[in-house]
Amino acid sequence: MDVLDGVPCSILGYPVKTRTQVVMTFLVPVIFEMMVYIVLTTADVLVTVEHFRNGNTSWGWFTLSLIWLPSVVCFCSIVSTPERWPEQIGCDKRTGQFLFKNIAILLLFPLAALYRFNRRIFWSIEALFHEKGSYGRAQSIAKILETSPCELYHFLQAFLQAAPQMMLQLYILLRDGTFRNYDTVTVQVISVVFSFLTMATIITTYQRFESQKIVGRCYPWSTPEQTVCRRKELLRTTSTVESALAQTPSIAPEIDPVVPNIMRNFYSRYGSEFQSESGSPSGSIGPRKTLNVDAINFNRQQSKGYRDPYANFTDDAKLEISDTVDGEEGFKPRTTGRSVSFKLQDTVQEINEMDHYLRSTEDIRNYTDDSDDEYLKPDEFDAVPKKPAPPTPDATVFQRVSVFRHMLLYNAEAFIKEKVPRLPQGMFDHHQEASKKTARKDQTEADQTDGDAISLPCRRQTIVGLEQDDIAGKSVLFVGWVMFLLMRMLSLSTFYVFFPLYFWMLFVNHYLLMIACIVYEVRLHEKLERYFFYLFLAYMYVFSLLEFKIRFIHVRWWYIGYIGIVLLENVAMLVVWFNLGVFESWWFYFLHHTIIVSGVLSLTCFLFYYAFLRAKDKVLFVNETT
């Protein structure tokens, strides 16, 4: 498997180099995530300090608890997973090291997250200095893709820290008398903005995770053993379209059994050119003899009469030839037209051998004329033999028809593969077992069943996943989710300022609706034990939609329904508080226009992404042997 398998190899349909893949897929996103994380953590700490300084201890403790909440939940998740503990049962040195490491990450989670970001940046830069296919490049990519519990912390931070922190600070900003302390307002605005960016980054990264997972992607916080087992299982049970087509046997023409016999008899009499040139014994009697053929031999009208080979020779040349023949030396005459190269002695021997062969043949036993003129007459040479030839077996005729048939099938298959852009799956899947069984049978039985040897297309079980988005698709999708979250959070926070009771009613109803949709989607293909996680997943669906931990069967209906419901809720909240709420500040008019514009921009980005930039489907064949 390629080290960059699963990484987008093109941008906007144009192929890119491997270094561009590393930069756009690993280096740039990691640098952006690290900068957002540093600013968000620093802003939240400053907001906590400002709340304590201003005497708002309740807001200060609540903000501080939101900062620690993702780290605590990540620690509990890791410790409660049996696969992450050392293999040996009991309290030993490795168990102590495991607990000490995770407690240190819990207490110093910002340093652990920065170490993870810096490690990925270092190996991303290191991969740029190695050539494609080298060991250094493969090792660097493997280090980048190493799993870590910090990835789970980064995922939980978006929904356990950024989302509630955003709503809390927006609510505090929209209350009366908020704008008295401008230092507090500044850090609150920074915290809100970078919370938007954090949530949009995580949502873009895990948007269609389950569809990408079934074709090779793994959880970034899995153990190394789980990752290796997952990839080995995927390689063992599935195969790509390219490998399946490469392993599919093509329809090749069968070998005519008559042809090897004819060529074997020919080589046994006249020798093999390859064997004579290499010096190996050919099994023939005597040295190899060359029969000289001129272009005139292929002209039937000119080759009927006798042709004197010395017609264009002078008397002196004829005398030289006669001396050469007597001396048993080869002669190579020079002519002005077509060049002829032959050995006269070999030609005489060929004629004598052919004469002897014709005299000894049963079909022309009554032919007794010894004159060379009669021998060279084409009319007598093409005469019908006195004795009829033995009957030709029917097997030869059917065998040659079978060869011709397979040649036509082979040419048709090659033409279809070259001209047709998208072939049906498994169209040229020909089984090898049928051909092996046919080869073991004798010739008579094979001829009788020759008409059933055509392999028809058969079905193959496939799984369809999704490739990862390229940098252009991720950018448009990221902007779309930023606008969507901005519309959603401003609508919820502003509505809570004016109607807190109706806000909680709307929140609970939306939460219960998401639980019902999840239960309906996974009622047949998921375990009941995972329903506790679906409670947290429904909380995530209050703000955004992710294909995470469950795979959507009806993906289009999920996205259309969810976006439609959220837009309906936002419009209803906007209409209610804008018409029934009591406010005098220009700030609420600005929020009113911001909600409308962000909603329109988010829909535009989603439609543009779905129409032009969405990732392609990836098809894998399920191996029948597994």
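Residues numbered from 1 in each chain as written. Predicted model: local features only at pLDDT ≥ 70, side-chain atom pairs only at ≥ 80, totals over all residues. Heavy atoms only, no water.

- In the annotation of an unreviewed UniProt entry, the entry for the chain reads XK-related protein, and the organism field reads Anopheles sinensis.
- UniProt annotates the chain under Sequence similarities (unreviewed entry) with the comment "Belongs to the XK family." (UniProt positions renumbered as here; feature names shortened; annotations may be inferred.)

### Regarding the overall build of the chain
- When helices and strands are counted, the chain shows 24 helices and 5 strands.
- Scored against the burial criterion, the 626 residues of the chain give a buried share of 36%.
- Across the chain, contacts joining residues at least 24 apart in sequence account for 73% of those joining residues at least 6 apart.
- Approximately 38,900 Å² of the chain is accessible, and the part contributed by carbon and sulfur atoms is 62%. (Helix = DSSP H or I, 4+ residues; strand = E, 2+ residues; numbered from the N terminus. Buried < 20%, exposed > 50% of the residue type's maximum accessible area, 1.4 Å probe, protein only. Contact = heavy atoms within 4.5 Å. Areas by Shrake-Rupley, 256 points an atom, 1.4 Å probe, with all protein chains shown as cover.)

### Digging into the nonpolar core
- By size, the foremost hydrophobic cluster in this structure holds 86 residues, and its most contacted members are F155, F159, M199 and Y541.
- At 14 residues, helix α20 (residues 471-498) tops the list of elements feeding residues into this core.
- Setting aside its immediate chain neighbours within four residues, F155 contacts I202, Y206, W221, M540, L546 and F548.
- One finds V7, W123, A127 and I144 within the second-largest nonpolar core, a separate group that totals 7 residues. (Core = buried A, V, L, I, M, F, W, Y, C linked by side-chain atoms within 4.5 Å.)

### Regarding unusual backbone geometry
- Its identity is not glycine, yet K549 carries a phi of approximately 70°, on the positive side.
- Structurally, the position occupied by K549 is in the loop between α22 (531-540) and α23 (555-580).

### Side note on the pattern of salt bridges
- This model, assessed by the stated rule, comprises 8 salt bridges.
- Close ionic contact of E146 with R119 constitutes a salt bridge, the shortest N to O distance being 3.0 Å. Taken together, the residues span a long stretch of sequence, with E146 in the loop between α5 (135-144) and α6 (149-174) and R119 in helix α4 (residues 109-128) at a distance of 27 residues.
- One salt bridge in this structure joins K143 and E146, with 3.6 Å as the shortest N-O distance.
- On the basis of relative accessible area, K143 is assigned to the partly exposed category, the value being 24%.
- One network of salt bridges, with partners in common, ties together R116, R120 and E151. (Salt bridge = Lys/Arg side-chain N within 4 Å of Asp/Glu carboxyl O.)

### A short note on the sheet that holds strand β5 (residues 617-622)
- In space, the 3 strands of this open sheet follow the order β3-β5-β4, with antiparallel pairing throughout. Whereas interior strands pair on both sides, the edge strands pair on one side only; in this sheet they are β3 (238-240) and β4 (462-466). Strand-to-strand twist across the sheet, computed as the mean angle between neighbouring axes with direction ignored, equals 40°.
- Across 5 bridges, β4 lies against β5 in antiparallel orientation. (Pairing = 2+ DSSP bridges. Axes fitted to C-alpha atoms, helices over the stretch in contact; angles between N-to-C directions.)

### Topic: the side chain of T198
- Turning to its location among the elements, T198 is positioned in helix α7 (residues 182-205).
- Residue class for T198 comes out buried when judged on its relative accessible area of 3%.
- Sequence-distant contacts of T198, defined by excluding residues within four places in its chain, comprise V36, L40, Q157, A158 and A162.

### Notes on the confidence of the model for the chain
- Scored by pLDDT, the chain has a mean of 75; 64% of the residues are at 70 or more.
- Residue range residues 362-381 is modelled with pLDDT below 50. Its contacts to residues more than four positions away, or to other chains, number 21 contacts.
- Every residue in residues 443-456 is under pLDDT 50, and counting partners more than four places away or in other chains gives 15 contacts. (pLDDT = per-residue confidence, 0-100.)

### Considering α4
- In a regular helix each residue adds 1.5 Å, so 20 residues correspond to 28 Å; α4 covers 29 Å between its end C-alpha atoms and thus fits that length.
- On the buried face of α4, the contacting elements are α1 (18-53), α2 (57-79), α3 (93-107), α5 and α6. (Expected span 1.5 Å × (residues − 1).)

### Side note on the packing of α20 against α23
- In contact at an axis separation of 9 Å, α20 and α23 are set at 40° when each is read in the N-to-C sense. It follows from the interaxial angle that α20 and α23 lie oblique. As for the relative orientation of α20 and α23, their crossing is left-handed in sense. Residue-level contacts link F484, M487, R488, S491, L492, T494, F495 and F498 of α20 to Y562, V566, L567, E569, N570, M573, V576 and W577 of α23.
- Along the lines of polarity and charge, the residues of the contact of α20 with α23 split into 11 nonpolar, 3 polar and 2 charged. (Parallel < 35°, antiparallel > 145°, perpendicular 65-115°, else oblique. Left-handed = near helix turned anticlockwise from the far one by under 90°. Nonpolar A, V, L, I, M, F, W, Y, C, P; charged D, E, K, R; others polar.)

### Focus on a nonpolar patch on the surface
- There is a patch of nonpolar side chains on the surface, built from W68, V72, L99, I103, L107, L108 and L111 and spanning about 610 Å² of accessible area.
- Elements represented by at least two residues in the nonpolar patch include exactly α2 and α3.
- Counting through the fold element by element, W68 comes out in helix α2.
- The class of W68 is partly exposed, set by a relative accessible area of 33%. (Patch = residues over 30% accessible without salt bridge, like charges linked within 9 Å, V, L, I, M, F, W, Y side chains within 5 Å.)

### A short note on the pairing of β5
- For β3 and β5, the ladder comprises 3 bridges, and the chain directions are antiparallel. Residue pairing across strands places T240 opposite L620, the latter belonging to β5.

### Considering the environment of F552
- You can see F552 is positioned in the loop between α22 and α23.
- Along the backbone, F552 and R208 are 344 residues apart, and their C-alpha atoms lie at a distance of 9.2 Å.
- Dropping the residues within four chain positions of it, F552 is found in contact with E521, Y541, L545, L546, E547, W558 and Y559.

### Considerations on helix α24 (residues 586-613)
- Here α24 is 28 residues long and its end C-alpha atoms lie 39 Å apart, about the 40 Å a rise of 1.5 Å per residue gives.
- All buried positions along α24 are accounted for by F588, L591, H592, T594, I595, S598, G599, S602, C605, F606, Y609 and L613.
- Turning to α24, the residues buried within the fold contact α6, α20 and α23.

### With respect to the UniProt feature "transmembrane region" (unreviewed entry) in the chain
- Under the feature "transmembrane region" (unreviewed entry), the UniProt entry names residues 22-47, 59-80, 100-117, 185-206, 502-520, 532-553, 559-580 and 587-612.
- Regarding residues 185-206, the helix share stands at 95% and the strand share at 0%, and the terminal C-alpha atoms are separated by 32 Å.

### A word on the packing of aromatic side chains
- Inspection of every chain in the model, using the stated rule, returns 49 aromatic pairs.
- On the numbers, 5.8 Å between centres and 55° between planes, the contact of F155 with F159 is tilted. With F155 and F159 both in helix α6, this residue pair falls 4 residues apart, about one helical turn.
- The exposure class assigned to F155 is buried, which follows from its relative accessible area of 3%.
- Relative to F543, the ring of Y539 has its centre 5.4 Å away and its plane inclined at 85°; by these criteria the two rings are edge-to-face.
- Within the aromatic cluster, the residues linked to one another by ring pairs are F155, F159, Y206, F209, Y219, W221, F533, Y534, F536, Y539, F543 and F548.
- Sitting over the ring of Y206, R217 keeps its end group 5.7 Å from the ring centre.
- Over the face of the ring belonging to F533 we find K549, whose NZ or CZ atom lies 6.0 Å from the ring centre. (Phe/Tyr/Trp six-rings, centres within 6.5 Å; stacked < 30°, edge-to-face > 60°. Lys NZ or Arg CZ within 6 Å of the ring centre and 35° of its normal.)

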